[in-house]
Amino acid sequence: MAYIEFDKVCKTYKMGEVEIKALNKVSFEINKGELVVILGPSGAGKTTCLNLLGALDKPSSGKIVIDKETISDFKGRKLTKFRRLDVGFVFQFYNLVQNLTAKENVELSTQICKNSYDACAILKKVGLQKRIDNFPCELSGGEQQRVAIARAVAKKPKLLLCDEPTGALDSKTGKQVLRLLQSTIKKDKMTVVIVTHNSAIAPIADKVITFKNGEIEKIKINKKPKKVGELSW
């Protein structure tokens with residue numbers, strides 16, 4: 001049985017009398033410890049899919065099963081516990097707390113979880129050892145993105161969801177972050193899902209899912225994923 005099962009999932013948003021079908025009967029499976037890249041143009045349904053996987057939203061129909069539990073049915077404390085302990089989320093727009101330092105932002109996540117990573121150690125791995133005491137307003141966009149990634153990884157979540165994690169990064173720094181994700185997967189058997197427009201990242205994935213108009217256009221299995229050092233963009 002797969003670790004994640006997305007079974008005929010639909011998500012419809014209503015805007016007045018207009019209905020927008022963000023996802024239409026989407027089905028796929030992800031195994032534990034896989035690195036999966038979701039590709040597609042803006043509006044294809046990628047971020048909607050990520051929000052549903054992280055239980056930040058609920059499907060209009062269909063079923064989402066993670067680790068043998070139907071998370072699409074979760075409510076109340078069970079839903080909160082799942083988000084707190086099992087999921088790490090890297091948001092596209094960082095969502096850092098502005099009056100906390102980089103270290104304190106990462107510590108926010110480590111304080112609510114057991115067996116988390118040390119905040120300073122993770123910030124060092126993303127190249128921010130000299131910026132741990134800086135506030136978000138003192139950091140560049142790329143540095144803020146790396147703090148957001150460190151904050152999500154530090155939880156040691158079972159499932160790490162990343163929305164454009166390298167979008168604000170140059171090639172060198174982007175590879176540094178991807179190496180952290182790859183090494184974390186191997187060490188902790190973490191399952192990682194990356195949503196991105198950057199198709200150059202796809203070769204490092206175990207599985208590549210391409211979305212188009214709210215549906216899956218194709219699913220590709222990489223039998224021999226490339227190492228991060230082999231990428232160029």
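These numbers were taken from a predicted model, which means no experiment stands behind them.

1. Considering the overall build of the protein
Counting its regular elements, the protein contains six helices and ten strands. Relative to the compact-globule value of 17 Å for 233 residues, the protein shows a C-alpha radius of gyration of 17 Å, a close match. Dimensions of the protein along its principal axes, counting C-alpha atoms only, are 50 × 40 × 35 Å. A buried classification covers 50% of the 233 residues belonging to the protein. Taking the contacts inside the protein whose residues are at least 6 apart along the sequence as the reference set, 71% of them involve residues at least 24 apart. In the protein, the 41 positive side-chain charges and the 25 negative ones have mean positions that sit 4 Å from each other.

2. Thoughts on the pairing of strand 3 (residues 35-39)
With respect to burial, strand 3 is a largely interior element, five of its five residues being buried. Where burial is concerned, the two faces of strand 3 agree: the one with Leu35, Val37 and Leu39 and the one with Val36 and Ile38 are both buried. By the bridge criterion, four bridges tie strand 3 to strand 8 (residues 191-195) in an arrangement that is parallel. Residue pairing in the sheet places Val37 in a bridge with Ile194 of strand 8. Pairing between strand 3 and strand 9 (residues 207-212): four bridges, direction parallel. Of the residues in strand 9, the one forming a bridge with Val37 is Val208.

3. Re the sheet that holds strand 5 (residues 69-70)
Pairing within the open sheet is antiparallel, and its four strands lie in the order 2-1-4-5. Edge positions in the sheet fall to strand 2 (18-30) and strand 5, since each has one partner strand and no second. Examined bridge by bridge, strand 4 (residues 61-66) and strand 5 share two bridges and lie antiparallel to one another. When the bridges of strand 5 are listed, Val65 appears paired with Thr70. Each of strand 1 (4-15), strand 2 and strand 4 touches helix 1 (residues 46-53); the most contacted strand, strand 1, lies at about 115° to it.

4. Regarding helix 6 (residues 171-188)
For helix 6, which comprises 18 residues, the first-to-last C-alpha distance of 26 Å matches the rise-based estimate of 26 Å (1.5 Å per residue) to within 8%. On its buried side, helix 6 packs onto strand 3, helix 4 (119-125), helix 5 (141-154), strand 7 (159-163) and strand 8. Residue Asp170 occupies the N-cap position of helix 6, its side-chain oxygen lying 3.0 Å from the main-chain nitrogen of Lys172. Lys189, located one to two residues past helix 6, shows a positive phi value of around 55°.

5. With respect to helix 5
Taking 1.5 Å of rise per residue, 14 residues should cover 20 Å, and helix 5 covers 20 Å from first to last C-alpha, within 8% of that figure. When you tally the buried positions in helix 5, you get 13 out of 14 residues, the bulk of the element. Positive phi appears at Lys156, one or two residues downstream of helix 5, with a value of about 55°.

6. Examining the environment of Ala22
If you trace the backbone, Ala22 turns up in strand 2. A residue is classified by how much of its surface remains accessible, and Ala22, at 12% relative accessible area, is buried. C-alpha of Ala22 to C-alpha of Gly76: the two residues are 54 residues apart in sequence and 25 Å apart in space. Beyond its immediate sequence surroundings of up to four residues, Ala22 is in contact with Lys11, Tyr13, Ala44, Gly45, Thr48 and Gly214.

Parameters at a glance
- Residues numbered from 1 in each chain as written.
- Predicted model: local features only at pLDDT ≥ 70, side-chain atom pairs only at ≥ 80, totals over all residues.
- Heavy atoms only, no water.
- Helix = DSSP H or I, 4+ residues; strand = E, 2+ residues; numbered from the N terminus.
- Rg over C-alpha atoms; globule rule 2.2 N^0.38 Å.
- Buried < 20%, exposed > 50% of the residue type's maximum accessible area, 1.4 Å probe, protein only.
- Contact = heavy atoms within 4.5 Å.
- Lys, Arg positive; Asp, Glu negative; His and termini not counted.
- Charge placed at Lys NZ, Arg CZ, Asp CG, Glu CD.
- Pairing = 2+ DSSP bridges.
- Axes fitted to C-alpha atoms, helices over the stretch in contact; angles between N-to-C directions.
- Expected span 1.5 Å × (residues − 1).
- Polar contact = N/O pair within 3.5 Å; in protein donor to acceptor, adjacent residues only side chain to side chain.

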